Amino acid sequence: MKKRLLAITAILSLGAGTGSATTHPDTFTYATISDADTLDPAWAYDTASHSIMLNIYEPLFFFDKSSTEKLVPLTAAKIPTRENGGISADGKVYRIPIRKGVKFHDGTPMTPEDVRYSIIRFLLLDRAAGPSSLLLEPILGTPTTRDEKGALKPDIFKAAEKAVRVEGDVLVLTLPQPYAPLLSILASWGPVLSKAWAVKRGDWDGAEASLPALNNLKKESSAFFESSNGTGPFKLERWDRKTKEVILARNDGYWKGPAKLKRVIIKGINEVGTRKLMLQAGDVDSVYADRSVYSQFQNLPGVQILDGQATMEINPIAFFTFQVSAAGNPYLGSGKLDGQGIPADFFSDIDVRKGFAYAFDYDGYIKDVFGGKGVRARGAIPKSLPGYNPKQAIYSLDLGKAKEHFQKAWGGKVWSEGFRFTLVFNSGNSARQNLCQIMKRMIESVNPKFTVDVRAVEWPTFLDAITSSKLPIFVMGWNADYPDPHNFAFPLLHTHGDFPGRQKFSNPEFDKIIEAANRETNLAKRKQLYAKLQQLEYEFVPHMVFVEQYRYRTQRNWVKGWYHNPVFPDSPYGGYYYPISKQ
């Protein structure tokens, strides 16, 4: 059954500026709150970086406009199927012809060897808590390239070479077992890099001998960190990390024909008032504006609000870090359970986690911050995907139960001594700021000896603190990498997933169910496994989920051609700029 997640579009405001003309008709400017973390497609695993990269680099396939199921070929020449012989009868071998006549931004031709190199590099870079597991699992049958002691697995290079090959102009992928979401993953991840360009700049040469230098490398050590050479419709002109501004220039040699826009400017501006003034003045064409500031953008002349944009995400989520990295950590206070701090393993006590889960006004948060435009999230899997359990129990505000759990936590010492720590959010994200403030207010109301300090930090600082496990609680969201429940279950709950790795927790029962569900091709049985997983998630409380929301886009009404796909990172705020024009 084909299903398209179409945006429920309603133009709520067509201001008086309908007839006004833009002064920069071929330059599109987007004001957002986050700067990119890196431009290396094998390292980046955040929305801000990924949304920029998919305008510079191209994967094998792409989703067809707003569809989350129909794919179109990009660097591939066609979509492999069983019918056209591209997928073997046993579902383990994919033969993908590579498009001819595609050039990188430096004018050199893209080759099948570039595609092979890019996928193997994506697999083997495998930085801690990075995106490599997305393709490691289906292609090599393992979520990581390292053993339990953190050492590189001795046969991992040869396994990758055997699984990813080129035969003439055809890329051949050989999987250990069938993996249904593979093509959807390749529609967003493992885009094509120039091997010659990389080697010339000292990046990995594709050889086994130099693999240790690539595996889990620091982001600044990559040749792709702040430089690029893709095949996409835009090329990097400049990234000013101090002013948080990225400028993309049109690729006039793009194989599909040049974009209508000559230039795209992405500005990082934390203050919502500044973003609003710039939009009103026509200095920017679209802005990041979440539900908590919706009223500020209503009825602005010349501005459209496109409401009801579907999401495929769980956002925000409050993650508990079970073992915080304590060295030089300013967020733990004294580092002891003495009323002026917390120990590094404070949240390893399940009664602490349950105390927090009961001490939050979920319904009030949805009503006040999202204007009621959302429903309660019931676990890691969103309601738009198979496996979601609409009857799953959820936590509700109950300060009496919160008190009971806090009194049991750490043998009663939490209640008698109290605690203090710092809860941080990324600057400019008002939804997360409000969440932190509500959490602070509710927790401190349970016991006057409880203190939560709330603090804003810049996005790269926030990401670095999370990656190094320095935050006792961190508030993030998870947007689909590809439309399948495994893409939520694995990164949010599996030992080798993105978030448990940062939280420092492992639950073998979670792992067993997640792996079984991913192998299971019977949809009914698969749903049963995910239902069991969500019940265990509720009981274990590795994190707190709050809302599934609808979003809206705010743009000048001279912007034409934009469309929403919930799989594309940062949509509906940022997005894919190739089809956009200004008229």
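Position labels on residues start from 1 in each chain and follow its written sequence. This being a predicted model, a pLDDT of at least 70 is required before a residue's local features are given, and a value of 80 or more before pairs of side-chain atoms are given or counted; all residues contribute to the totals for chains, interfaces and linings. Values reported for side chains reflect all heavy atoms of the structure, with hydrogen atoms and water molecules removed beforehand.

Undergrad: Can you help me understand the overall build of the protein chain in this one?
TA: Each helix is a run of DSSP H or I of at least 4 residues and each strand a run of E of at least 2, with the numbering of both proceeding from the N terminus. Looking only at helices and strands, one finds 18 helices and 22 strands in the protein chain. This radius of gyration counts C-alpha atoms alone. The globule rule is 2.2 Å times how many residues there are, raised to the power 0.38. In terms of C-alpha radius of gyration, the protein chain reaches 24 Å, essentially the compact-globule figure of 25 Å for 583 residues. Projected onto its principal axes, the C-alpha positions of the protein chain cover 70 × 65 × 45 Å. Each residue gets one of three labels from its accessible area relative to the maximum for its type: buried under 20%, exposed over 50%, partly exposed in between, using a 1.4 Å probe on protein chains only. Counting over 583 residues, the protein chain shows a buried share of 60%. Contact criterion: two residues are considered in contact whenever any of their non-hydrogen atoms come within 4.5 Å of each other. The long-range share in the protein chain, meaning contacts at least 24 apart out of those at least 6 apart in sequence, stands at 72%. Using a 1.4 Å probe, accessible areas were evaluated by the Shrake-Rupley method; residue-level cover was limited to the displayed protein chains. Accessible area for the protein chain stands at about 22100 Å²; split by element, carbon and sulfur atoms hold 50% of it. Charge convention: Lys and Arg are scored as positive, Asp and Glu as negative, and His as well as the terminal groups of each chain are ignored. By convention, the point assigned to a charge is CZ for Arg, NZ for Lys, CD for Glu and CG for Asp. Positive and negative charge centroids in the protein chain, built from 73 and 61 side chains respectively, lie 3 Å apart.

Undergrad: What's the story with the pairing of strand 6 (residues 164-167) in this structure? I'm lost.
TA: Each regular strand shows side chains that alternate between the opposite faces of the sheet. A pair of strands is treated as paired once DSSP finds two or more bridges between them. Summarising the sheet, strand 6 and strand 7 (residues 170-174) pair through 4 bridges and their orientation is antiparallel. Within strand 7, the position partnered with arginine 165 by the bridge is valine 172.

Undergrad: When you look at the packing of helix 2 (residues 112-125) against helix 4 (residues 156-163) in this model, what are you seeing that I'm missing?
TA: Packed helices, taken two at a time, are described by their axes: the angle between them and the distance between them. Packing of helix 2 against helix 4 brings their axes to within 10 Å, and their N-to-C directions diverge by 145°. The crossing of helix 2 and helix 4 is right-handed. Along its contact with helix 2, which presents Arg116, Ile120, Leu123 and Leu124, the element helix 4 presents Ile156, Phe157, Ala160 and Glu161. Split into classes, the residues belonging to the contact of helix 2 with helix 4 amount to 6 nonpolar, no polar and 2 charged. Helix axes are fitted only over the stretch in contact, all axes being lines through C-alpha atoms; the angle between N-to-C directions runs from 0 to 180 degrees. A clockwise turn of the near helix away from the far one marks a right-handed crossing, whereas an anticlockwise turn of less than a right angle marks a left-handed crossing. Residue type decides the class: Asp, Glu, Lys and Arg count as charged, Ala, Val, Leu, Ile, Met, Phe, Trp, Tyr, Cys and Pro as nonpolar, and the leftover types, Gly among them, as polar.

Undergrad: What is the right way to read the packing of aromatic side chains from this model?
TA: Given two aromatic rings, their pairing is described by the distance between the two centres and the angle made by the two planes. Ring pairs are drawn from Phe, Tyr and Trp, using the six-membered ring of Trp, whenever the two centres fall within 6.5 Å, and their geometry is named by plane angle: stacked under 30 degrees, edge-to-face over 60, tilted for the rest. Applying the stated criterion across every chain yields a total of 47 aromatic pairs. Aromatic ring contacts, followed pair by pair, group Phe320, Phe346, Phe347, Phe356, Phe406, Trp415, Phe419, Phe421 and Phe450 into a single cluster. Whether a charge sits over a ring depends on NZ of Lys or CZ of Arg being within 6 Å of the ring centre and within 35 degrees of the ring normal. Geometry around tryptophan 43 places arginine 127 over its ring, the cationic atom sitting 3.8 Å from the centre. Just above the ring of phenylalanine 540 sits the side chain of arginine 353; from NZ or CZ to the centre is 4.8 Å.

Undergrad: Can you walk me through the environment of serine 67 in this structure?
TA: Mapped onto the elements of the fold, serine 67 is located in the loop between strand 3 (61-63) and strand 4 (71-73). On the basis of relative accessibility, which here comes to 1%, the residue serine 67 falls in the buried class. Taking C-alpha positions, serine 67 is 32 Å from lysine 244, a pair spaced 177 residues apart along the chain. In terms of polar contacts, serine 67 uses its side chain to reach the backbone amide nitrogen of lysine 70, at 2.8 Å. A 3.5 Å cut-off defines polar contacts: any pair of N or O atoms within that distance qualifies, except that in protein one atom must be a possible hydrogen donor and the other a possible acceptor, and neighbouring residues in sequence count only when both atoms are side-chain atoms.

Undergrad: Is there a simple way to explain the environment of isoleucine 381 in this structure?
TA: Residue position: isoleucine 381 is located in the loop between strand 14 (374-376) and helix 11 (399-408). Assessed through its relative accessible area of 1%, isoleucine 381 is described here as buried. Separated by 149 residues in the primary sequence, isoleucine 381 and tyrosine 530 place their C-alpha atoms 8.4 Å from one another. Beyond its immediate chain neighbours, meaning those up to four positions away, isoleucine 381 contacts Ile314, Pro386, Gly387, Tyr388, Pro485, Phe488, Tyr530, Gln534 and Glu548.

Undergrad: Looking at this structure, how should I read empty space enclosed by the protein?
TA: In this approach the atoms are scanned with a rolling probe the size of a water molecule, which exposes any empty space left behind. Residues are said to line a cavity or pocket when one of their atoms sits within 4 Å of a point; the points come from a 1 Å grid over protein atoms alone, cavities being sets where a 1.4 Å probe fits but cannot get out and pockets being open sets with protein on both sides within 12 Å along at least five of seven lines. Grid points are joined across faces, edges and corners, and a volume is the space filled by probe spheres set on the points. On inspection of all chains with the given rule, the structure shows 10 cavities of 30 Å³ or more. When its volume is computed, the largest cavity comes out at roughly 660 Å³. Breaking the lining of the largest cavity down by element, the ones donating at least two residues are strand 2 (27-32), helix 1 (47-56), strand 10 (263-268), strand 13 (313-320), strand 17 (473-479) and helix 16 (498-503). No other element matches the 6 residues that helix 1 contributes to the lining of the largest cavity. Of the residues contributing to the lining of the largest cavity, the split by class is 20 nonpolar, 14 polar and 10 charged.

Undergrad: Which parts of the structure should I look at to understand the pattern of salt bridges?
TA: Two side chains bearing opposite charge may form a pair once their charged atoms approach each other closely. Take a side-chain nitrogen of Lys or Arg and a carboxyl oxygen of Asp or Glu: if they are within 4 Å of each other, that pair is a salt bridge. Following the criterion strictly, the structure yields 29 salt bridges and no others. Here glutamate 226 ties to arginine 241 by a salt bridge, and the two come within 3.7 Å at their closest N and O atoms. Within this pair, whereas glutamate 226 is found in the loop between helix 7 (211-214) and strand 8 (234-240), its partner arginine 241 is found in the loop between strand 8 and strand 9 (245-250), the two being separated by 15 residues in sequence. What makes glutamate 226 partly exposed here is its relative accessible area of 43%.

Undergrad: Looking at this model, I keep getting lost on the side chain of aspartate 203. Mind explaining?
TA: Residue placement: aspartate 203 occurs in the loop between helix 6 (195-200) and helix 7. With a relative accessible area of 9%, aspartate 203 lands in the buried category. A distance of 2.9 Å separates polar atoms of two side chains, one belonging to aspartate 203 and the other to arginine 121. Apart from the residues within four sequence positions on either side, aspartate 203 is in contact with Tyr117, Arg121, Ala198, Leu214, Ser222, Ala223 and Phe224.

Undergrad: Would you mind showing me how to read the layout of surface pockets here?
TA: A volume near 600 Å³ is recorded for the second largest pocket. Taken together, 24 residues form the lining of the second largest pocket, with Ala128, Ala129, Thr495, His496 and Gly501 sitting closest to its centre. The dominant element in the lining of the second largest pocket, judged by the number of residues it contributes, is helix 16, at 4 residues.

Undergrad: Help me understand the sheet that holds strand 6, please; the structure alone is not making it clear to me.
TA: Ordered in space as 5-7-6, the 3 strands form an open sheet in which the pairing is antiparallel. Looking at which strands have only one partner, the edges of the open sheet turn out to be strand 5 (93-97) and strand 6. Adjacent strand axes in the sheet meet at a mean angle of 25°, parallel and antiparallel pairs treated alike. Each of strand 6 and strand 7 touches helix 2; the most contacted strand, strand 6, lies at about 175° to it. Across the face of the sheet, helix 4 comes into contact with strand 6 and strand 7 while running at roughly 35° to strand 6.

Undergrad: Would you explain helix 4 in this entry?
TA: Each α-helix turn comprises 3.6 residues. Residues three or four places apart therefore point the same way. Among the residues making up helix 4, those that are buried are Ile156, Phe157, Ala160 and Ala163. Burial along helix 4 is one-sided: seen end-on, the buried residues are contained in an arc of 135°. This arc is built from the directions going out from the helix axis to the C-beta atoms.

Undergrad: Help me understand the pairing of strand 12 (residues 303-309), please; the structure alone is not making it clear to me.
TA: Among the 7 residues of strand 12, 7 are classified as buried, and the element is accordingly described as predominantly covered. Pairing geometry for strand 12 and strand 20 (residues 551-556), over 5 bridges, is antiparallel. Bridge pairing links leucine 306 to arginine 553 in strand 20.

Undergrad: Hey, could you run me through helix 13 (residues 430-446) in this one?
TA: Between the first and last residue of a helix there are one fewer steps than residues, each counted as 1.5 Å, and that sum is the expected span. Given a rise of 1.5 Å per residue, 17 residues ought to cover 24 Å, and the 25 Å separating the end C-alpha atoms of helix 13 matches this to within 8%. Where helix 13 is concerned, the buried positions are Ser430, Ala431, Arg432, Leu435, Cys436, Ile438, Met439, Met442, Ile443 and Val446.

Undergrad: What's the story with the packing of helix 11 against helix 13 in this structure? I'm lost.
TA: Packing of helix 11 against helix 13 leaves a shortest axis separation of 10 Å and a crossing angle of 65°. Judged by the inter-axis angle, helix 11 sits roughly perpendicular to helix 13. As helix 11 packs across helix 13, the resulting crossing turns out to be right-handed. Within the contact between the two elements, helix 11 uses Leu399, Lys403 and Phe406 and helix 13 uses Met442, Ile443, Ser445 and Val446. Residues of the contact of helix 11 with helix 13, tallied by class, amount to 5 nonpolar, 1 polar and 1 charged. Oblique is the label for every angle not falling under 35 degrees (roughly parallel), over 145 degrees (roughly antiparallel), or within 65 to 115 degrees (roughly perpendicular).

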